[in-house]
Amino acid sequence: TTIRNLLRQAIKRDELSLAYQPIVELDTGRWIGAEALMRWNRPRGETISPDIFIPIAEKSGLMPALREHLIHMVERETPALFARHPDFHVALNFCAEDFCAAGFTTRLAAAIERIGARPGNLQVEVTERVFMHLEDAAPAIGGLQKLGVSVAIDDFGTGFSSLSYLTRLQFDCLKIDKTFVGTVDTGAVTSKIVDHIIEMSKSLGIAMIAEGVETQAQADYLRERGVRYAQGWLYAKAMPIRELLERLHAAH
Ligand code: G
Ligand code: G
Ligand code: MN
Ligand code: NA
């Protein structure tokens, strides 16, 4: 049987799950949101990363099913979270193809309603690949923002990144990729790129989240330069919704 069939079965058999990685406000240490990351839990116990199965889904026409399943899991898991923490947000990863799909905005609007959340409780993340499908994806991006959902540009700096594209769409947030964050206090040339990304985001008025923050030195460097939010192992790894709720309770 092919991996495509295995993945199709995985959706039916509920082998996919979401792990939520907290997003931290650097000034206060407060958890203000979380990014939902998909996991494929195989029956024998191993876990397959989306880095492996998303490309397979894209190549084999399974993205619509996977996208729907992601939204379905979020509808199932988050109502209690937003009922107790009305200012919290959950960020969802979508690929460029998702933004181009008919009915995408409507589907997310329906999800927000079903969850009993506000549009501001959701953020959508899209990678720079969206710039290659700008014409087709722009209506959904604009439509979601009009609804009140914020849109983040993910893995910034790793892909199809011409800085000029940033001015073409009004992103609410830019996620500085962990490959850059890993170099901030090393003196490497790439650390200069981080400085430029930060300056550019500030001048465009785009909020920033630094990803993959692993050391206090990295956090301090970023905070001093005006980055307000971070996620990474320094704070917390991704966790099941149950644990996220417990730890949010413990903090209040
Ligand atoms: O958590 P992890 O390192 O395994 O995530 C790997 C990559 O997979 C991340 O870049 C993330 O953006 C992507 N990813 C995680 N969950 C989803 C999802 O539900 N949909 C899509 N399209 N990508 C996801
Ligand atoms: O959507 P995106 O590609 O940004 O997904 C974030 C990925 O980064 C996830 O796979 C997550 O597991 C991973 N990650 C999160 N925090 C850290 C960290 O502090 N260090 C490293 N190396 N990876 C991280
Ligand atoms: Mn992401
Ligand atoms: Na990222």
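Residues numbered from 1 in each chain as written. Chains lettered and ligands numbered in written order. Predicted model: local features only at pLDDT ≥ 70, side-chain atom pairs only at ≥ 80, totals over all residues.

- Going by what an unreviewed UniProt entry lists, the chain is known as cyclic-guanylate-specific phosphodiesterase and is assigned to Thermomonas brevis.

## Considering the overall build of the chain
Okay, step 1: When helices and strands are counted, the chain shows 11 helices and 9 strands.
Okay, step 2: Against the 2.2 N^0.38 benchmark of 18 Å for 252 residues, the chain shows a C-alpha radius of gyration of 18 Å, consistent with a compact globule.
Okay, step 3: Across its three principal directions, the C-alpha atoms of the chain cover 50 × 45 × 35 Å.
Okay, step 4: Looking at the chain residue by residue over its 252 residues, the buried ones come to 37%.
Okay, step 5: A fraction of 65% describes how many contacts in the chain between residues 6 or more apart in sequence connect residues 24 or more apart. (Helix = DSSP H or I, 4+ residues; strand = E, 2+ residues; numbered from the N terminus. Rg over C-alpha atoms; globule rule 2.2 N^0.38 Å. Buried ≥ 20, exposed ≤ 12 C-beta atoms within 10 Å, placed from the backbone. Contact = placed C-beta atoms within 7 Å.)

## Focus: the nonpolar core
Okay, step 1: In this structure, L92, I176, A210 and A230 are the most contacted members of the largest nonpolar core, which totals 68 residues.
Okay, step 2: In terms of residues, this core owes the most to one element, strand β1 (residues 16-25), which gives 5 residues.
Okay, step 3: Not counting residues within four places of it along the chain, the set of residues in contact with I176 comprises F156, G157, V181, V194, I197, M208, A210 and E211. (Core = buried A, V, L, I, M, F, W, Y, C linked by C-beta atoms within 7 Å.)

## Focus on helix α9 (residues 189-204)
Okay, step 1: Taking 1.5 Å per residue, 16 residues should reach 22 Å; α9 reaches 23 Å between its end C-alpha atoms and fits that length.
Okay, step 2: Restricting attention to buried positions, one finds in α9 the residues V194, I197, I198 and S201. Within α9, the buried residues cover an arc of 95° as seen down the axis, which keeps them to one side. Structural note: α9 exposes V189, K192, H196, E199 and S203 on the side pointing more than 90 degrees away from its buried face.
Okay, step 3: Positive backbone phi, approximately 70°, marks G205, located one or two places after α9. (Expected span 1.5 Å × (residues − 1). Arc of directions from axis to C-beta.)

## With respect to the site of ligand 1
Okay, step 1: Close contacts around ligand 1 come from L37, M38, S49, P50, D51, I54, L70, N93, F94, C95 and D154, and that covers them all.
Okay, step 2: Elements supplying a minimum of two residues to the shell around ligand 1: β2 (31-41) and α2 (50-59).
Okay, step 3: Examining the composition of the shell around ligand 1, we find that 3 residues originate from one element, α2, more than from any other.
Okay, step 4: Within the shell around ligand 1, the residues separate by chemical class into 7 nonpolar, 2 polar and 2 charged. (Near = placed C-beta within 6 Å. Nonpolar A, V, L, I, M, F, W, Y, C, P; charged D, E, K, R; others polar.)

## A short note on the environment of C100
Okay, step 1: For C100, the location among the structural elements is in helix α5 (residues 96-100).
Okay, step 2: In this structure C100 comes out as partly exposed when scored by C-beta crowding, with 16 C-beta atoms within 10 Å.
Okay, step 3: Along the backbone, C100 and F53 are 47 residues apart, and their C-alpha atoms lie at a distance of 20 Å.
Okay, step 4: Setting aside residues no more than four positions away along its own chain, C100 makes contact with H133, D136 and A137.

## Details of the packing of helix α6 (residues 104-115) against helix α7 (residues 134-147)
Okay, step 1: Running from amino to carboxyl end, α6 crosses α7 at an angle of 25°, the nearest separation of the two axes being 9 Å. On the basis of their axis angle, the class for α6 and α7 is roughly parallel. Where α6 crosses over α7, the two elements pack in a sense that is right-handed. Counting all contacts with α6, which are made through F104, T105, L108 and A109, the residues of α7 involved are A140, G143, L144 and L147.
Okay, step 2: The class makeup of the residues in the contact of α6 with α7 is 6 nonpolar, 2 polar and no charged. (Axes fitted to C-alpha atoms, helices over the stretch in contact; angles between N-to-C directions. Parallel < 35°, antiparallel > 145°, perpendicular 65-115°, else oblique. Left-handed = near helix turned anticlockwise from the far one by under 90°.)

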